[in-house]
Every structure is written in C-alpha cells, then in structure tokens.
Amino acid sequence: MLKAILISKQDGAQSVRLADLEESELPDAPVTVRVEYSTINYKDGLAITGKSPVVRKFPMVPGIDLAGVVEKSTSDAWRSGDRVLLNGWGVGEGHWGGFAQKARVNGEWLQRVPESFTSRQAMAIGTAGYTASLCVDALVRHGLTPDKGDVLVTGASGGVGSVAIALLARAGFKIVASTGKTNEGDYLKALGARDVIDRNELAQPGKPLQKERWAAVVDSVGSQTLANACAQTRYRGLVTACGLAQGMDFPASVAPFILRGVSLLGIDSVMAPRELRQPAWDRLARDLDAASLDRISTVIGLAEVPNAAQNIVSGRIRGRVVVDVNG
Ligand code: NDP
C-alpha cells in the first residue's frame, strides 16, 4: 500500500482526499520511483482546488514535481538506486504525479538530481525554481549584463520570484522586487533584492509608454502588471513572461515593442527540451546555496497538501512549500 493525494470527479463535482492505494493501481510506465519529496506549485493549487481545468483525467494523483530514488526500471537510461527528479511533462495533469509515496513514469521525463542537492533541496527548487532559472538563462542568452541597469522581479515573494531574485543577485544584477506582501521586505532583501516596491504601483491600467526604468523584467504575474512592466522597460530591454498570478490577460499595446525595441520572451517549463532544462539546473546547482534554499522553503506532510493548495492560489504562501510524502 502507498499513500497518495487523489483527485476524483463524480457528477461534475471534484473531491480530494488522502488515499491508500495498491502499487498495482499506479499507471503502467517503465520507471518506478520511490518518491521522497514533492512540492506545491501554483499549478498544483489550481489542480487541487479545481480553480482551472489543469487535470485532464480522473482519478488523478496531482503533483507536477517529484524527487526520489529509482526502485525498478526497464528503461536503459536508469538503474535501481539512481537519484532522480521530474518537473512537468504533463505529470500531475494527465499522468499520475508526485503527491504519492511512489510514481511510475517514462524514463525521458527524469533527470539526475544534481550532486550538490538532496531530494528535499531539489524540491525546494521544483518547477517554480527551475522556471526562474529558465527566465534568467533566457535573459542572459539575449544579452543581458549587470551594467545594463535594474531588473524588476514581479510576484517577488512567490516561488518563481524568490528563486529568480537569488539567482539574479548571485549573477551580479541589481534587483527591484515587486510584492503585495510589504512586510516581507527583509526576506526579499536577504535573498538579494536591492529595493522593494508595492505591487499596486504596477497593478492598475497605465499608459502604453511610461518612464523607462527596467533593463529587464522577470514576470510571473501577467495581466496589467506585465503590461505596465513592458511599458516601463528601457530601450531594447527584455521581459520574460512565465505566469498568470494576477490574470491570463495581457491588456497592453504594441508601443514598447515597436518604439523601444523591447523583447517579450515567453517561458514554458512543462515541455521545455532537455537542452534548456539541463543548463537551467546547472545554474541552480552552481548559484543556489543551502542557506538560500532554507530561507525560501518550509516542509509539510501529504495530509497538509489540500490546505497548502488553497493557500497558494490565494497568494498566501511565501517562497516554496516542500512536501515530505513520507511525513
Ligand atoms: P506563487 O503563488 O508562489 O507566487 C505567485 C506570486 O504572485 C504570489 O506570491 C504573489 O507575490 C503574486 N501574486 C499573487 N496574486 C497576485 C495578484 N492578484 N496580483 C499580483 N500579484 C499576485 O506561484 P509560483 O511562483 O509558483 O508561480 C507563479 C506563476 O508562474 C503562476 O501563475 C504559475 O502558474 C506560473 N508558472 C508558470 C510556469 C511555466 O512553465 N510557464 C512554471 C511555473 C510557474 P507577492 O505577494 O510578492 O506580490
């Protein structure tokens, strides 16, 4: 028997419970992983609360991330005892995911846990942190250097935001953190933000072109915030868009793109190819220390997952929540 969070749907109504499953109920796939840790991402919050149609098949074990040890494998790439992690690939959406003591998955979805990280630290990073690293990689690949000016990070106290600040600070960038949690100024500065602004400054409709402030932006909020961030980006500046915490809409004009040569870079973590994933994890392994990971993360057990899911969609979580599936 193994414990798992299970989402079911009956007569159109979704329910979530901590279930005892037989191992034989796991989906058929080549690699069985003894999961040690998972983590709560915003998308897991949407799946468990049913706020957005993230889950495509019922019943579903949610959890888009997992880290653990290979128990059995018929894939040539993995052997029993290998330390592995998984981010995305539709796991926790269309294939049973990480909020369980075991998972059965495809070998191509797995990658090695970097030597410098424990499973718990890998999940303190999780999809949110790996996406932050994809954002920083995209900015650097498009020519961003610290001398170009300030970098704005929106949704700063969230998972993507917190890791983005730590990575950018380590790479020598000056960061301005936009947050709704103005009491978290010390937390954001300890991660490496130089200044903290109230997210209300960016949340309301603004002019198509505004005072040029940012050499680059890491945005996980979308909607009006992303529109204003683009309108405030300097000539030939860069904006990465990866999230929708404020909204899925983008009420902007083309002015920043055609008059200031601003580039908007879309970031997807779920189906990102290996040639983007590996450098992102290499950056995390190189630039994130244990102290930063401890600062951003808290640990909960499987039974607390439904409550944490409510909290993340309500914007009440700071940093990252790691799930000890055996806790
Ligand atoms: P979190 O919930 O940890 O962080 C989101 C943060 O956004 C909150 O902490 C809050 O920060 C801010 N926020 C919340 N509600 C609002 C609002 N109404 N208006 C403005 N700001 C708000 O989530 P993650 O960091 O894990 O994910 C952030 C976003 O990125 C999500 O939309 C997620 O779906 C998306 N994402 C996309 C990925 C991809 O592949 N493209 C991968 C990973 C995440 P504060 O209080 O500091 O303002």
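What counts and how
Residues numbered from 1 in each chain as written. Predicted model: local features only at pLDDT ≥ 70, side-chain atom pairs only at ≥ 80, totals over all residues. Heavy atoms only, no water. Axes fitted to C-alpha atoms, helices over the stretch in contact; angles between N-to-C directions. Helix = DSSP H or I, 4+ residues; strand = E, 2+ residues; numbered from the N terminus. Parallel < 35°, antiparallel > 145°, perpendicular 65-115°, else oblique. Left-handed = near helix turned anticlockwise from the far one by under 90°. Contact = heavy atoms within 4.5 Å. Domains from an automatic or database assignment. Buried area = accessible area lost by both parts, 1.4 Å probe. Salt bridge = Lys/Arg side-chain N within 4 Å of Asp/Glu carboxyl O. Polar contact = N/O pair within 3.5 Å; in protein donor to acceptor, adjacent residues only side chain to side chain. Near = heavy atom within 4 Å. Areas by Shrake-Rupley, 256 points an atom, 1.4 Å probe, with all protein chains shown as cover. Nonpolar A, V, L, I, M, F, W, Y, C, P; charged D, E, K, R; others polar.

Caption draft 1: Representation of the packing of helix H1 (residues 42-49) against helix H10 (residues 305-313) in the model. At their nearest, the axes of H1 and H10 sit 8 Å apart, and the two run at 115° to each other. Classified by the angle between their axes, H1 and H10 sit roughly perpendicular to one another. The hand of the H1/H10 crossing is left-handed. Here Tyr42, Asp44, Gly45, Leu46, Ile48 and Thr49 of H1 lie close against H10, whose contacting residues are Val305, Pro306, Ala309, Gln310, Ile312 and Val313.

Caption draft 2: Looking closely at the domain arrangement of the protein. For the protein, the domain assignment lists domain 1 (2-113 + 291-324) and domain 2 (127-266). For domain 1 versus domain 2, the separation of C-alpha centres amounts to 29 Å. Tallying the contact residues gives 14 residues for domain 1 and 16 residues for domain 2. Carbon and sulfur atoms make up 60% of the surface buried where domain 1 meets domain 2, a total of about 1100 Å² over both sides. Per-residue buried area on domain 1 facing domain 2 is highest for Arg295, Ile296 and Arg318; these three make up 40% of the total on that side. Linking domain 1 with domain 2 are 1 salt bridge, by the criterion used here. Glutamate 184 is paired through a salt bridge with arginine 318; the nearest N and O atoms lie 3.0 Å apart. Remark: the boundary between domain 1 and domain 2 carries 6 residue pairs in polar contact (both at pLDDT 80 or more).

Caption draft 3: Just the site of the ligand, in detail. Around the ligand there are 26 residues in total, and Ser157, Val160, Thr179, Gly180 and Ser269 lie nearest to it. Contact distances for the ligand include 2.9 Å between an oxygen atom and a backbone N or O atom of glycine 159. Taking leucine 244, its main chain carries an N or O atom lying 2.9 Å from an oxygen atom of the ligand. Coverage of the ligand by the protein amounts to 88% of the 920 Å² it exposes when considered alone. Secondary structure elements with two or more residues in the shell around the ligand: helix H2 (119-141) and helix H3 (159-170). By residue number, the principal contributor to the shell around the ligand is H2, which donates 3 residues. Counted by class, the shell around the ligand contains 11 nonpolar, 12 polar and 3 charged residues. Shared between two domains, the shell around the ligand holds at least three residues of each, these being domain 1 (2-113 + 291-324) and domain 2 (127-266).

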